[in-house]
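Letter by letter, the chains look like this.
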Amino acid sequence: WTCWLAAAVVAVTAAASSSSSSRQHVQGFELGKMGRVYGNGKGISSSALPYKRTPPSWLNVNPTEVEEQICKLAKKGLTPSQIGVILRDSHGIAQVKAVLGQKLFRLLKKNGLAPELPEDLYFLIKKAVSVRKHLERNRRDKDSKYRLILVESRIHRLARYYKRTKHLPPNWKYESSTASTLVA
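Residues numbered from 1 in each chain as written. Predicted model: local features only at pLDDT ≥ 70, side-chain atom pairs only at ≥ 80, totals over all residues. Heavy atoms only, no water.

Attention now goes to the packing of helix α6 (residues 119-137) against helix α7 (residues 142-164). One can describe the packing of α6 onto α7 by two numbers: an axis separation of 9 Å at closest approach and a directional angle of 155°. The orientation of α6 with respect to α7, classified from their angle, is roughly antiparallel. Crossing of α6 over α7 shows left-handed handedness. From α6, Asp120, Leu121, Leu124, Ile125, Lys127, Ala128, Val131, Arg132, His134 and Leu135 reach across to α7, where they touch Ser144, Lys145, Leu148, Val151, Glu152, Arg154, Ile155, Leu158, Ala159 and Tyr162. Partitioned by chemical class, the residues of the contact of α6 with α7 number 12 nonpolar, 2 polar and 6 charged. (Axes fitted to C-alpha atoms, helices over the stretch in contact; angles between N-to-C directions. Helix = DSSP H or I, 4+ residues; strand = E, 2+ residues; numbered from the N terminus. Parallel < 35°, antiparallel > 145°, perpendicular 65-115°, else oblique. Left-handed = near helix turned anticlockwise from the far one by under 90°. Contact = heavy atoms within 4.5 Å. Nonpolar A, V, L, I, M, F, W, Y, C, P; charged D, E, K, R; others polar.)

Rendered as structure tokens:
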């Protein structure tokens, strides 16, 4: 039993060091598949970007018009992902970067229209505020209390990442008492 286990470990480590792909199958073992922190999912589905980095030949749009459209939508108060969905569905622009040469968020930042909080952090804070509001009315709801702990730990981890990448100031701190003012 121990010989088989040692042989399997040697085979796995040898295969991991020899190949550079993200997912490998070695004698029934699958390497490089990372699970979720809060949940059992190990999903690998994701959207696939087109191989060509140029806009499609059938797309006849002027980059300055697209830029004006993006700024107009941002001034209305739409988030970057909502702007991207509108451009994709209504105007046939699958990738803003292919048309403009820069990403949508960078364009918004250049024009001073970028949101002050990153979008994923904003929606996590919004969820935490709504769960906390629910807990004020339903004090005995233990499951919601547990879910609030999970959401707030996700907020802290994401804030740590954004501080490290300088998207948030180093002294920014999530506090549940002032969180409702951040999402109001």
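There is more to say, and it comes next.
This paragraph deals with the pattern of salt bridges. Counted by the stated rule, this structure contains 4 salt bridges. For lysine 110, the salt bridge identified is with glutamate 67, shortest N-O distance 3.8 Å. Placement of the pair is lysine 110 in helix α5 (residues 104-110) and glutamate 67 in helix α2 (residues 63-75), with a sequence separation of 43 residues. (Salt bridge = Lys/Arg side-chain N within 4 Å of Asp/Glu carboxyl O.)

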